[in-house]
Amino acid sequence: MNIKQQDSRLRGNYILGIADNSLILGQRLGELCGHGPSLETDIAITNMSLDLLGQVRSYYQYVAQLSGEDKTEDDIAFLRLEREYKNVLLVEQPNTDFGYVITRQYFFDVFHLLLMQELQNSKDETLSAIAKKGIKEVSYHKRFSGDWVKRLGDGTEESHNRIQNAINDLWSYTNELFEMTEADQQAAEAGIGVDVSKLKEKYYNEITELLNEATLEVPETKYFHKGGKHGVHTEHMGYILADLQYMQRTYPGMKW
Amino acid sequence: MSEKEIKNLEEIFEAKIARDEKIEPKDWMPEKYRQTHIRQISQHAHSEIVGMLPEGNWITRAPSLRRKVALLAKVQDEAGHGLYLYSACETLGVSRDELYEQLHTGKAKYSSIFNYPTLTWADMGAIGWLVDGAAIINQVPLCNTSFGPYARAMVRVCKEESFHQRQGYEIMLTLCNGTPEQKEMAQDALNRWWWPSLMMLGPTDDESVHTAQSMKWKLKRKTNDELRQQFIDQTVPQADILGITIPDPDLKWNEETGHYDFGPIDWDEFWQVVKGHGPCNKERIAARVNAWNNGEWVRDAAMAYAEKQENKKVSKAS
């Protein structure tokens, strides 16, 4: 492998670590379409799914191009093995109830925006352009999910308890967002990627502030889950992929 | 109000409609006009949101990213249509909650077509092509209907529906230009959706109870049978381009009438589905009721939070 190929592979791996989060979260949100608590939230959640999948297409098209092989965005989205998906465990967590949906979203959005804000400075022009476009979308996502955390937290006793439960459950998946994989490390050193470990303090400060405002408690646990970034997922992932890949696996090699 | 005064108002009202002027929510209108519009507009709104379900069934399984995004956007459009149709309906003095209640208890109807299952990806094509195609034929005349909010909502609905229809046809075209398996999938979808689509244009004229009054109020411009013929005449050549066969052995061009003749429609099936015994009636309503019930605590929280914020503002101000 020559240097150029090595560089492309590095970038490709790095990008998958970002893009797969959007894919799996976009897929999860897609499950909710038509089942929201109101038409307005239904439309908003579908919007976020659409934004995320739009970002995924830009990333994967770029990864396909970098691969130097005859690959398409769909090959990357649909035809990998579970271990080859690099999303964090947080985004694959199920739509248990609206409290979980909002908490998962908020925990991801705060990170996502911090990431995009840094990624726009990437030396890689394509990544920088995707990030710049993404900032607008993700800012809106964070506003939506953050507002709902406040509403549910400081709404009724039931909503408070429900979202507190979701926060307690999902908290243990937040730390993985800041884990630096080898691909992350190399990309950060090359000025292409973001050192996410440096976003951690800001992230937890911001979340703590909003949870306080929402009369919610910040969990005290020191135990966190990880694995997704290395392709070791939760038991949910296989089912997500069974849906996602159904058509491509059942009818290989066809155009749709 | 005296009988004479009412009669006078009625005359002004009828004259307005005859001059093709719009009736607006604050205008006087006969109670029957109001009730008919609540019925029709809410039925239409319900159809949009129940209609999200059969297509929503394929969002997680769409075969490509492009198709997934397009399908999500389409189903989202339907939610949007539901939203502004409910809003149009609310101008007639009924709340969205009341309308939901009518849907959930089975008092209000929605288009029967959505009680059929979506079994393959080709159904996303067939629904766009045929179901949205039939819907457009039903709906385009409503852009000129007499009730202002409905007419204005329909202008936007029709634009988007027409986009959906082309999108559906393009799915069919891709399948029909694909592998034999894909073409077979397209044919199978046409076979299953053809007759229910014809039924969407409503019962035959002699069975249709609302036609005469609706024509007068411009809620209808053509009869069900005329609309059905228009749909068939327009769709048969499209099936020919796809190279798939409409499942009607009696279908043939009639030189004399300049229309296609077609075989008998199974109205027993139609009434069975309308009366709640179609393949998915129970699932569709259950899905709506679940979404509503599961969302109750969320809506309550939003109300409670808004109230608290309002109180804070008031106490700050004082």
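Above: the structure in question.
Small disclaimer: the values here were computed from a predicted structure and weren't measured.

Colleague: Honestly, the overall build of chain B in this entry has me stumped. Any pointers?
Modeller: Helices and strands together make up the secondary structure of chain B, namely twelve helices and two strands. Scanning chain B from its N terminus toward the C terminus, one meets helices and strands in the order α-α-α-α-α-α-α-α-α-β-β-α-α-α. Taken against the 2.2 N^0.38 rule, which gives 20 Å for 318 residues, the C-alpha radius of gyration of chain B at 22 Å falls within 12% of a compact globule. Expressed along its principal axes, the backbone C-alpha trace of chain B runs to roughly 75 × 50 × 30 Å. Sequence-distant contacts, at least 24 apart, represent 77% of the contacts inside chain B between residues at least 6 apart. Of the roughly 14,700 Å² of accessible surface on chain B, 54% is carried by carbon and sulfur atoms. A distance of 7 Å separates the average location of the 39 positive side-chain charges in chain B from that of its 46 negative side-chain charges.

Colleague: Would you mind going over the pattern of salt bridges with me for this structure?
Modeller: A pair can form between side chains of opposite charge whenever their charged atoms are brought close. Tallying each qualifying case throughout the model produces 33 salt bridges over all chains. A salt bridge links Arg96(B) to Glu40(A); its shortest N-O distance comes to 2.5 Å. Linking Arg96(B) in helix H4 (residues 96–104) with Glu40(A) in helix H2 (residues 39–67), this pair reaches from one chain into another. For Glu40(A), a relative accessible area of 38% translates into the label partly exposed. For Arg66(B), the salt bridge goes to Glu170(B), with nearest N and O atoms at 3.5 Å. Residue Arg66(B) is located in helix H3 (residues 65–90), and its partner Glu170(B) is located in helix H6 (residues 148–176); the two are separated by 104 residues in the primary sequence. Exposure remark for Arg66(B): the relative accessible area of 40% places this residue in the partly exposed category. Overlapping salt bridges, with partners in common, bring together Glu55(B), Lys74(B), Glu78(B) and Asp132(B) in one network.

Colleague: What am I meant to see in helix H1 (residues 3–30) of chain A here?
Modeller: Owing to its 3.6 residues per turn, the α-helix brings residues three or four apart onto one side. Residues and elements named next belong to chain A. Given a rise of 1.5 Å per residue, 28 residues ought to cover 40 Å, and the 40 Å separating the end C-alpha atoms of H1 matches this to within 8%. Helix geometry: H1 is bent most strongly at Gly17, by close to 30 degrees. Of all 28 residues making up H1, 20 are buried, and the element is well covered by its neighbours. The N-cap residue of H1 is Asn2: its side-chain oxygen and the backbone nitrogen of Lys4 are 3.1 Å apart.

Colleague: Please clarify how unusual backbone geometry should be interpreted in this entry.
Modeller: Leave glycine aside and you will find that most residues have negative phi; peptide bonds, for their part, are mostly trans. Residue and element names in this part refer to chain B. The backbone phi angle of Asp20 is positive, close to 65 degrees, even though this residue is not glycine. Along the chain, Asp20 turns up in the loop between helix H1 (3–18) and helix H2 (31–56). Classification of Asp20 by relative accessible area gives partly exposed; the value is 47%. Even without being a glycine, Lys218 presents a positive backbone phi close to 65 degrees.

Colleague: Which parts of the structure should I look at to understand empty space enclosed by the protein?
Modeller: Tallying each qualifying case throughout the model produces one cavity of 30 Å³ or more. Considered as a void within the structure, the largest cavity measures approximately 50 Å³ in volume. Considering the residues around the largest cavity, the lining is formed by Gly36(A), Pro37(A), Ser38(A), Leu39(A), Asp42(A), Tyr100(B), Arg288(B) and Trp292(B). Of all the secondary-structure elements, those providing two or more residues to the lining of the largest cavity are H2 of chain A together with helix H11 (281–294) of chain B.

Colleague: Would you mind showing me how to read a negative patch on the surface here?
Modeller: A contiguous patch of negative charge, built from Glu90(B), Asp97(B), Glu98(B) and Glu101(B), is present on the exposed surface. Top contributing element to the negative patch by residue count: H4(B), with three residues.

Colleague: Explanation requested: the layout of surface pockets in the structure shown.
Modeller: To find the voids left in a structure, one rolls a probe of water-molecule size over its atoms. Residues and elements named next belong to chain A. In this model, the second largest pocket occupies a volume close to 680 Å³. Around the second largest pocket, the lining comprises 22 residues; the ones closest to its centre are Arg9, Val63, Ser67, Glu69 and Lys71. Of all elements in the fold, only H1, H2 and helix H3 (73–78) reach the threshold of two or more residues within the lining of the second largest pocket. No other element matches H1, which puts nine residues into the lining of the second largest pocket. Partitioning the lining of the second largest pocket into residue classes produces six nonpolar, six polar and ten charged.

Colleague: I keep staring at the packing of aromatic side chains and nothing clicks. Help me out?
Modeller: Under the definition given, this model contains 23 aromatic pairs over all chains. Judged by centre distance (5.7 Å) and plane angle (70 degrees), the rings of Tyr251(A) and Trp256(A) are edge-to-face. Residues Tyr251(A) and Trp256(A) agree in their burial class; the two are buried. Ring centres of Trp253(B) and Tyr260(B) lie 5.0 Å apart, and the angle between their planes is 70 degrees; this geometry places the pair in the edge-to-face category. By the ring-pair criterion, three or more aromatic residues cluster together here, those being Phe107(A), Phe108(A), Phe111(A), Trp171(A), Phe178(A), Tyr203(A) and Tyr204(A). In this structure, Arg80(A) packs its charged tip against the face of Tyr85(A), placed 4.2 Å from the ring centre.

Colleague: Quick question: what am I supposed to make of a nonpolar patch on the surface here?
Modeller: Taken together, the side chains of Met1(B), Ile6(B) and Trp28(B) define a hydrophobic patch exposed on the protein surface, amounting to about 300 Å² of accessible area. Checked against the element boundaries, Met1(B) lands in the segment before H1.

Colleague: Help me understand the packing of H4(B) against H11(B), please; the structure alone is not making it clear to me.
Modeller: The packing of two helices is summarised by the inter-axis angle and the distance between the axes. Residue and element names in this part refer to chain B. Direction vectors running N to C along H4 and H11 enclose 140 degrees, while the axes themselves pass 10 Å from each other. With respect to their mutual orientation, H4 and H11 come out oblique. Between H4 and H11 the crossing geometry is left-handed. Contacts from Asp97, Tyr100, Leu103 and His104 in H4 reach Ile285, Arg288, Val289 and Trp292 in H11.

Colleague: Quick question: what am I supposed to make of the interface of chain A and chain B here?
Modeller: Often, the extent of an interface is quoted as the loss of accessible area upon association of its parts. Counting residues at the interface gives 47 residues for chain A and 49 residues for chain B. Both faces combined, the contact of chain A with chain B buries some 4,000 Å², and carbon together with sulfur accounts for 69% of it. Our enumeration of links across chain A and chain B arrives at two salt bridges. Across the contact surface, chain A and chain B share 14 residue pairs in polar contact (both at pLDDT 80 or more).

Colleague: What am I meant to see in the packing of helix H5 (residues 98–119) of chain A against helix H6 (residues 125–153) of chain A here?
Modeller: All names here are of chain A. Running from amino to carboxyl end, H5 crosses H6 at an angle of 145 degrees, the nearest separation of the two axes being 7 Å. Crossing of H5 against H6: the hand is left-handed. Class assignment for the residues of the contact of H5 with H6 results in 15 nonpolar, nine polar and two charged.

Colleague: Sorry if this is basic, but what is going on with the environment of Leu99(B) here?
Modeller: Residue and element names in this part refer to chain B. By the secondary structure assignment, Leu99 is in helix H4. What makes Leu99 buried here is its relative accessible area of 0%. For Leu99 and Ile127, which are 28 residues apart along the polypeptide, the C-alpha to C-alpha distance reads 26 Å. Apart from residues no more than four positions distant in its own chain, Leu99 is found in contact with Ile38, Ser42, His46, Tyr86, Cys89 and Val94.

Here is what the cut-offs are and how they apply
- Residues numbered from 1 in each chain as written.
- Chains lettered and ligands numbered in written order.
- Predicted model: local features only at pLDDT ≥ 70, side-chain atom pairs only at ≥ 80, totals over all residues.
- Heavy atoms only, no water.
- Helix = DSSP H or I, 4+ residues; strand = E, 2+ residues; numbered from the N terminus.
- Rg over C-alpha atoms; globule rule 2.2 N^0.38 Å.
- Contact = heavy atoms within 4.5 Å.
- Areas by Shrake-Rupley, 256 points an atom, 1.4 Å probe, with all protein chains shown as cover.
- Lys, Arg positive; Asp, Glu negative; His and termini not counted.
- Charge placed at Lys NZ, Arg CZ, Asp CG, Glu CD.
- Salt bridge = Lys/Arg side-chain N within 4 Å of Asp/Glu carboxyl O.
- Buried < 20%, exposed > 50% of the residue type's maximum accessible area, 1.4 Å probe, protein only.
- Expected span 1.5 Å × (residues − 1).
- Bend = angle between axes of the 7 residues up to and from the residue.
- Polar contact = N/O pair within 3.5 Å; in protein donor to acceptor, adjacent residues only side chain to side chain.
- 1 Å grid on protein atoms, 1.4 Å probe; cavity = no way out; pocket = protein on both sides within 12 Å on 5 of 7 lines; lining within 4 Å.
- Points joined across faces, edges and corners; volume = space filled by probe spheres on them.
- Patch = residues over 30% accessible without salt bridge, like charges linked within 9 Å, V, L, I, M, F, W, Y side chains within 5 Å.
- Nonpolar A, V, L, I, M, F, W, Y, C, P; charged D, E, K, R; others polar.
- Phe/Tyr/Trp six-rings, centres within 6.5 Å; stacked < 30°, edge-to-face > 60°.
- Lys NZ or Arg CZ within 6 Å of the ring centre and 35° of its normal.
- Axes fitted to C-alpha atoms, helices over the stretch in contact; angles between N-to-C directions.
- Parallel < 35°, antiparallel > 145°, perpendicular 65-115°, else oblique.
- Left-handed = near helix turned anticlockwise from the far one by under 90°.
- Buried area = accessible area lost by both parts, 1.4 Å probe.

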